[in-house]
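# Overview (structure and organization)
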Amino acid sequence: MAPVPEDDAARLVGDGDREAAVRRLQEAYAEGAVPHEEMDDRLQKALTARTRGDLAGALASLPEPGPETAATLGGAAGRIRRRGAWRVPRTLTVESAFARVDLDLSRAVIGHREVDIVLKLGTGTAKITVPRGAVVDMEGLSAGWKAPRVRAPRGGAEGDGPVIRISGAMGFGRLTVRHARR
C-alpha cells in the first residue's frame, strides 16, 4: 500500500473503511500474499483501526489491488446486458428498478477464483450464464416473488471452474442461472 500522507493519516475511518480493509486482507491471504502467522494480527489491526494511519499499518506490504476489483452496472429501466469477451471484476453489483438483466460469463475473462455478483433488483427478470465447471452459490440471495431457477450443467462438469456467489435481493421477477454448453 502507498504511504499515507501525514495530514491524511490522522483522519478517522468508519466501518466501511474497516470492512474494505478486511476484504482486501482476505483476498491477499487467499492469493498467498499474507502468511497464516500474520493474518490474525493484521485482521485485529484492521478491525480496531481508528485512523487511516492505523489501517495503513494493517495493509502494509500488500500488493496494490487490481483496477477491476469491483464494478457496478445500473439502470432505471430497459436492459442491462453483458456478453462476449468482457472482463469480470471480483465483485459485480447490478442495480435496477425495472430492468431486464442478462449476464453471460461463458466467454468472459474471469481473473479471480471467486466472483461475487450482488443483485439489487426491483422488478424484472435476470438471467446469468456461467462458464462450464463453475460452482454457483446463491445462499445470500433473497427472492421476493419467485424462487431462483438453476439449470444443472450437462455431463456433470460442475466443480472445476470459478466459484460464482450470487447474493442481494430481487423483488418481483425471477433469476435463472444456467451453465454454458461449451
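See the structure shown above.
Keep in mind that this is a model prediction, so the values were computed, not measured.

## Quick notes on unusual backbone geometry
Positioned with a positive phi, Ser61 is a non-glycine residue whose angle comes to about 65 degrees. With respect to the helices and strands, the residue Ser61 is situated in the loop between helix H4 (52–58) and strand S1 (70–82).

## Digging into the environment of Val118
Locating Val118 in the fold gives a position in strand S5 (residues 114–123). Classification of Val118 as buried rests on a relative accessible area of 19%. Separated by 48 residues in sequence, Val118 and Ile166 have C-alpha atoms that sit 5.9 Å apart. Not counting residues up to four positions away in its chain, the partners in contact with Val118 are Thr91, Leu92, Thr93, Val94, Ser167 and Gly168.

## Re the pairing of strand S3 (residues 91–104)
Across a regular strand the side chains alternate sides, sitting on one face of the sheet and then on the other. As defined by bridge partners, S1 adjoins S3 across 12 bridges and the pair is classed as parallel. Opposite Gly75, over in S3, you have Ser96 as the bridge partner. Bridge analysis of S3 against S5 gives 6 bridges, and the strand direction is parallel. Residue pairing across strands places Leu92 opposite Ile117, the latter belonging to S5. As paired elements, S3 and strand S6 (residues 126–130) share 4 bridges and run parallel to each other.

## Focus on helix H3 (residues 36–47)
Taking 1.5 Å as the rise per residue, H3 with 12 residues should run 16 Å; its terminal C-alpha atoms sit 17 Å apart, in good agreement. Buried residues of H3: Met39, Arg42, Leu43 and Ala46, and no others. Buried residues in H3, looked at end-on, bunch into an arc of 105 degrees, giving them a common side. Turned more than 90 degrees off the buried face of H3, the exposed positions are Glu37 and Asp40.

## Structural notes on the layout of surface pockets
A volume near 250 Å³ is recorded for the second largest pocket. Residues belonging to the lining of the second largest pocket are distributed by class as follows: 1 nonpolar, 2 polar and 7 charged.

## A word on the pattern of salt bridges
According to the stated counting rule, one finds 10 salt bridges in the structure shown. Between Glu95 and Lys120 there is a salt bridge, with its nearest N and O atoms 3.6 Å apart. Here the residue Glu95 occupies a position in strand S3, and Lys120 occupies one in strand S5, the gap between them amounting to 25 residues. Several salt bridges converge on common partners, so that one network encompasses Arg90, Glu114, Asp116 and Arg165.

## A short note on the side chain of Asp102
Here Asp102 is to be found in strand S3. The contact partners of Asp102, leaving out residues within four places of it in the chain, are Ile80, Arg81, Arg82, Arg83 and Lys127.

## Re a positive patch on the surface
A cluster of basic residues, Arg79, Arg100, Lys127, Lys146, Arg149, Arg151 and Arg181, forms a positive patch at the surface. Positionally, Arg181 belongs in the segment after strand S11 (175–179). Judged by relative accessible area, Arg181 falls into the exposed class, the value being 60%.

Definitions and cut-offs
Residues numbered from 1 in each chain as written. Predicted model: local features only at pLDDT ≥ 70, side-chain atom pairs only at ≥ 80, totals over all residues. Heavy atoms only, no water. Helix = DSSP H or I, 4+ residues; strand = E, 2+ residues; numbered from the N terminus. Buried < 20%, exposed > 50% of the residue type's maximum accessible area, 1.4 Å probe, protein only. Contact = heavy atoms within 4.5 Å. Pairing = 2+ DSSP bridges. Expected span 1.5 Å × (residues − 1). Arc of directions from axis to C-beta. 1 Å grid on protein atoms, 1.4 Å probe; cavity = no way out; pocket = protein on both sides within 12 Å on 5 of 7 lines; lining within 4 Å. Points joined across faces, edges and corners; volume = space filled by probe spheres on them. Nonpolar A, V, L, I, M, F, W, Y, C, P; charged D, E, K, R; others polar. Salt bridge = Lys/Arg side-chain N within 4 Å of Asp/Glu carboxyl O. Patch = residues over 30% accessible without salt bridge, like charges linked within 9 Å, V, L, I, M, F, W, Y side chains within 5 Å. Areas by Shrake-Rupley, 256 points an atom, 1.4 Å probe, with all protein chains shown as cover. Lys, Arg positive; Asp, Glu negative; His and termini not counted. Charge placed at Lys NZ, Arg CZ, Asp CG, Glu CD.

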